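So you can see what is in the structure, the chains are spelled out below.
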Amino acid sequence: MNLEIISNELKKREINKIVKFNEPLKKHTSFRIGGPVDIFCTPNTIEELKKVISISKEYDIPFWVIGNGSNILILDQGVRGIVIKLNQGFKKIIFLDKIVKVGAGVSLIYLGKIALKRELSGLEFVCNIPGTLGGAIINNASFNGNCMANIVQEVTFLTEENNLESASKSDLDFNYRKCNLKGRSAIILGATLQLKEGNKEKIESKIRKNIKIRKAKQPIDKLSAGSIFKNPPGYYAAELIEKVGAKGLSQGKAEVSCKHANFIINNGNATARDVLYLIEEIEKRVKEAFNIELNREIQILGEP
Ligand SMILES: Cc1cc2nc3c(=O)[nH]c(=O)nc-3n(C[C@H](O)[C@H](O)[C@H](O)COP(=O)(O)OP(=O)(O)OC[C@H]3O[C@@H](n4cnc5c(N)ncnc54)[C@H](O)[C@@H]3O)c2cc1C
């Protein structure tokens, strides 16, 4: 890829201001791990985003979209291609009574707080999930029995072919940690959520309960990317990991959390290589002990 040609192209299309070259991605992930990406784009409008996708197509440069980077591991040599992170223009929230239209870049924690202020119920479970709406929809984020599928009505997205489309909840086929936009290079732009009228004290109490559970069970004061593995049907990944003696296992500055064995934490300058070592070690041990293949929940991106 010739960065000078791309740079000129970005200027010609007047989107050079939303682009940085060789941006360290560790700044954009909750793990604080990972190398730089060649081209980092932060579009504010659909038009800007479409221009980025057009360049990606014309010059055959792969692209990925990230939200808050709270469920991804960026590898040490970084990403060859384009990483897109939606900016302010995709962080709008519009309330229409109990229906709320939310931009994909909105932080879930912020959204939860705003809903509480308006005494709207349905978002109590997201209050401590450090992602954006876009990442939460793709992953059907959940906590304590509630998930995004319960509140999503409609999602708007840009297809890989640069077409604007929308899909209703039933079209999206939500399931455990996925919906059918996952893996299709679709970029979620926003969604309509259906909330319920609630009572402020009751909503606050649910939020407090969720936070208490989380503080007791998860290493939320450490750098991590949330759960590393999905729970296999009928099992908890954390329990399997504990049973194979991997809790507390460390490699470099990466460690399998002693609080929640499905979390790997970065105790300093852990590398993606350290984290991957632990992931592979866990996979090997669980396979050997239980003949179960753990599926990764986190998305791994880039070059080792
Ligand atoms: C301490 C901690 C606690 C957590 N607790 C929970 C929990 O209780 N429940 C839970 O479900 N998760 C939890 N997570 C994981 C994570 O926060 C969620 O999966 C969250 O929804 C990811 O959102 P994100 O914006 O950070 O996405 P990212 O991590 O940036 O990306 C995750 C995936 O979503 C895709 N994506 C992001 N934005 C878009 C978009 N606009 N359009 C299309 N694709 C997009 C990315 O390409 C990637 O595949 C936790 C993480 C941490 C660090």
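This one's a predicted model, so the numbers in the text were calculated from it and none came from an experiment.

Caption draft 1: Here's a closer look at the overall build of the chain. The number of helices and strands found in the chain is eight helices and 18 strands. A globule of 304 residues ought to have a C-alpha radius of gyration of about 19 Å, and the chain, at 20 Å, matches this closely. Per-residue burial over the chain gives 49% buried out of 304 residues. Sequence-distant contacts, at least 24 apart, represent 65% of the contacts inside the chain between residues at least 6 apart. Of the roughly 15,000 Å² of accessible surface on the chain, 47% is carried by carbon and sulfur atoms.

Caption draft 2: Broad picture of the UniProt feature "active site" (unreviewed entry) in the chain. Sites flagged by UniProt as "active site" (unreviewed entry) map to Arg177, Ser227 and Glu297. A maximum C-alpha distance of 11.0 Å among these annotated residues, which run over 121 residues, shows that they cluster at one spot. Along the chain, the position of arginine 177 falls in the loop between helix H5 (169–172) and strand E13 (187–194). A relative accessible area of 12% means that arginine 177 is categorised as buried. Discounting residues that sit within four places of it in the chain, arginine 177 has contacts with Ile138, Asn139, Asn140, Ala141, Ser142, Lys182, Lys230 and Glu297.

Caption draft 3: Examining the domain arrangement of the chain more closely. Looking at the chain, the domain boundaries give domain 1 (3–88), domain 2 (91–217) and domain 3 (237–301). With centres defined by C-alpha atoms, the gap from domain 2 to domain 3 works out at 28 Å.

Caption draft 4: Broad picture of the environment of isoleucine 292. Relative to the assigned elements, isoleucine 292 resides in the loop between helix H8 (272–290) and strand E18 (299–301). Through-space distance from the C-alpha of isoleucine 292 to that of phenylalanine 95 is 45 Å; in sequence the pair is 197 residues apart. With sequence-adjacent residues up to four places away left out, isoleucine 292 is seen in contact with Pro232, Tyr235, Leu240, Val286 and Lys287.

Caption draft 5: Representation of the sheet that holds strand E15 (residues 250–251) within the structure. Judged by pairing direction, the sheet is antiparallel, and its three strands sit side by side in the order E15-E16-E17 without closing on themselves. With one partner strand each, in any of the chains shown, E15 and strand E17 (264–266) form the two edges of the open sheet. Bridge analysis of E15 against strand E16 (residues 254–256) gives two bridges, and the strand direction is antiparallel. Counterpart to serine 250 in the pairing with E16 is glutamate 255. Against the sheet, H8 makes contact with E15, E16 and E17, and its axis sits at roughly 25 degrees relative to E16, the strand it touches most.

Criteria and thresholds
Residues numbered from 1 in each chain as written. Predicted model: local features only at pLDDT ≥ 70, side-chain atom pairs only at ≥ 80, totals over all residues. Heavy atoms only, no water. Helix = DSSP H or I, 4+ residues; strand = E, 2+ residues; numbered from the N terminus. Rg over C-alpha atoms; globule rule 2.2 N^0.38 Å. Buried < 20%, exposed > 50% of the residue type's maximum accessible area, 1.4 Å probe, protein only. Contact = heavy atoms within 4.5 Å. Areas by Shrake-Rupley, 256 points an atom, 1.4 Å probe, with all protein chains shown as cover. UniProt positions renumbered as here; feature names shortened; annotations may be inferred. Domains from an automatic or database assignment. Pairing = 2+ DSSP bridges. Axes fitted to C-alpha atoms, helices over the stretch in contact; angles between N-to-C directions.

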